[in-house]
Amino acid sequence: MDIILASASPRRKEILGNTKLKFSIIKSDIDEVIYEGESPTQAVMRLAFEKCMDIASKHEQDLVIGADTIVVLDDKILGKPKDEKEAYDMIKSLSNNTHQVITGISLINLGNNKKVIDYVVSNVKFKDLSEEDIIDYINTKESLDKAGAYGIQGYGAMLVEEIRGDYFNIVGLPISRLSDLLKKYFCINLFMEGDLSE
Ligand SMILES: Cc1cn([C@H]2C[C@H](O)[C@@H](COP(=O)(O)OP(=O)(O)OP(=O)(O)O)O2)c(=O)[nH]c1=O
């Protein structure tokens, strides 16, 4: 059984790469649409599951890991901004407010008929940003491929006043919960050399 990370995100690759797990990457190309009336947690778990299933259905003997990250402000979902104007509006709305970053994770091994789905929430409070702060940040160009238009691992760190919860969940992969799930459902220990999956 191989382990596949179904993600094009360099951040997810790096976070999982900081463990002893041996894995390969095959990115999923599903359309990331959020449906009317879906709650943020429902949406993020469904998207993680769909990414995972897309790859698992072509690799039935392998264990596939999928994830999806969204930012939620007052129950409104902020995905990736489509342009700099939208990025500006997102950062402005996050300013002087606390939002949630939710990452859905899914683990699927169809050969063993195992499907796991879960999510982790972190709270992030932004500073009261000036017009200039927001424009300076947008000019760093790091907004566009990120949920909520910022990256806490980059210049976005300077926008943040406080976080509560798992930092790695904000960056896109809640490695602590993932480690628990891999151990509980697949007997895989991320502290050990190689993987224990035969
Ligand atoms: C809030 C926040 C999000 N992000 C990123 C994590 C995710 O990569 C991205 C949200 O988009 P996702 O759709 O979750 O992931 P992705 O498109 O990058 O990769 P894939 O679908 O192939 O797995 O936002 C950060 O890197 N830092 C942050 O602080």
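Remember, it's a predicted structure, so these values are computed and weren't measured experimentally.

Undergrad: What is the right way to look at the UniProt feature "active site" (unreviewed entry) in the chain in this model?
TA: As recorded in UniProt, the sites labelled "active site" (unreviewed entry) are Asp68. Note on Asp68: 27 C-beta atoms within 10 Å, which makes it buried. When sequence neighbours within four positions are dropped, the list of residues in contact with Asp68 reads Val44, Leu47, Ala48, Lys51, Thr103 and Gly104.

Undergrad: What am I meant to see in helix H1 (residues 10–17) here?
TA: Residues that lie three or four places apart on an α-helix share one face, since the helix turns once every 3.6 residues. Among all positions in H1, only Arg11, Arg12, Ile15 and Leu16 are buried. The arc that holds every buried residue of H1, seen down its axis, measures 125°, which confines them to one face. Considering only its buried residues, H1 is in contact with strand S1 (3–5), strand S3 (63–73), helix H5 (167–171) and helix H6 (175–186).

Undergrad: Sorry, what's going on with the nonpolar core here?
TA: Burial of nonpolar side chains together is a common tendency in soluble globular proteins. The biggest cluster of nonpolar side chains holds 52 residues, and the ones touching the most others in it are Val44, Ala48, Cys52, Val64, Ile70, Ile91 and Leu173. A total of 9 residues in this core trace back to one element, the largest contributor, which is helix H2 (residues 40–56).

Undergrad: Is there a simple way to think about the UniProt feature "site: Important for substrate specificity" (unreviewed entry) in the chain in this case?
TA: The feature "site: Important for substrate specificity" (unreviewed entry), as given by UniProt, occupies Arg11, Thr69 and Gln153 in the numbering adopted here. Spanning 143 residues, the named residues nonetheless gather at one spot, since no C-alpha pair among them exceeds 14.4 Å. Considering the arrangement of structural elements, one finds Arg11 in helix H1. Apart from the residues lying within four places of it in its own chain, the contact partners of Arg11 are Gln153, Val171 and Gly172. One can find Thr69 in strand S3. If we skip the residues at most four places from it in the chain, Thr69 touches Val101, Thr103, Ala147 and Gly172.

How each quantity is defined
- Residues numbered from 1 in each chain as written.
- Predicted model: local features only at pLDDT ≥ 70, side-chain atom pairs only at ≥ 80, totals over all residues.
- UniProt positions renumbered as here; feature names shortened; annotations may be inferred.
- Buried ≥ 20, exposed ≤ 12 C-beta atoms within 10 Å, placed from the backbone.
- Contact = placed C-beta atoms within 7 Å.
- Helix = DSSP H or I, 4+ residues; strand = E, 2+ residues; numbered from the N terminus.
- Arc of directions from axis to C-beta.
- Core = buried A, V, L, I, M, F, W, Y, C linked by C-beta atoms within 7 Å.

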